[in-house]
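# Chains, contacts and geometry: an overview
Each chain, written out:
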Amino acid sequence: MSEPIRIRTQLQGEIADIRVLMHHPMETGQRRDESGKPVPVHFIQTFSVKLNGQALIDGQLNTSISRNPLFAFKAGGIKAGDKLSVQWTDNTGAQRQDEITVG
């Protein structure tokens, strides 16, 4: 399984700054390895961010996103003690989900 998703939040009044780092190689299929063979396409296709089980963000990615994508956004209505979870699925069917409690 891949490395854990890093989820960081910073509460500023009623607004939360959220940063999500998803460890993934994000291969485009255009690069070649040392022997000259193409590296297979391998990228995150979908991801979701949920707050206390309710969808906050649903997104789709493609091969144009760099390795280990980092997303940052602001959201309202988040308070200490809330559960924030992030889940991704890649083009090979692999999945990863991690959750934090907002502090």
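Basis of the calculations
Residues numbered from 1 in each chain as written. Predicted model: local features only at pLDDT ≥ 70, side-chain atom pairs only at ≥ 80, totals over all residues. Heavy atoms only, no water. Helix = DSSP H or I, 4+ residues; strand = E, 2+ residues; numbered from the N terminus. Buried < 20%, exposed > 50% of the residue type's maximum accessible area, 1.4 Å probe, protein only. Lys, Arg positive; Asp, Glu negative; His and termini not counted. Salt bridge = Lys/Arg side-chain N within 4 Å of Asp/Glu carboxyl O. Contact = heavy atoms within 4.5 Å. Pairing = 2+ DSSP bridges.

When you line up the elements, aspartate 90 lands in strand S6 (residues 83-90). Of the side chains bearing the opposite charge, arginine 96 lies closest to the buried aspartate 90, which forms no salt bridge; the N-O distance is 11 Å. Sequence-distant contacts of aspartate 90, defined by excluding residues within four places in its chain, comprise His24, His42, Phe43, Ile44 and Gln45.

As a further point, take the pattern of salt bridges. All told, the structure shown has five salt bridges when counted by the stated rule. Linking aspartate 82 and lysine 79 is a salt bridge whose minimum nitrogen-to-oxygen distance equals 3.5 Å. Given the relative accessible area of 52%, lysine 79 is considered exposed. A salt bridge links arginine 96 to aspartate 98; its shortest N-O distance comes to 2.8 Å. Among the residues examined, aspartate 98 registers a relative accessible area of 17% and is labelled buried. Shared partners join several salt bridges into a network, and the residues in it are Glu27, Arg31 and Arg67.

What follows is about the pairing of strand S2 (residues 15-21). Of all seven residues in S2, five are buried, a share of seventy percent or more. As judged from the seven bridges shared by strand S1 (residues 6-12) and S2, these two strands associate in the antiparallel manner. Bridge assignment links isoleucine 7 to a residue of S2, and that residue is valine 20. In this structure, the hairpin formed by S1 and S2 is closed by a connection of two residues, where glycine 13 is found at a positive phi of approximately 70°. Pairing analysis gives seven bridges linking S2 to strand S5 (residues 70-76), with the strands arranged antiparallel. What sits directly across from aspartate 17, in S5, is lysine 74.

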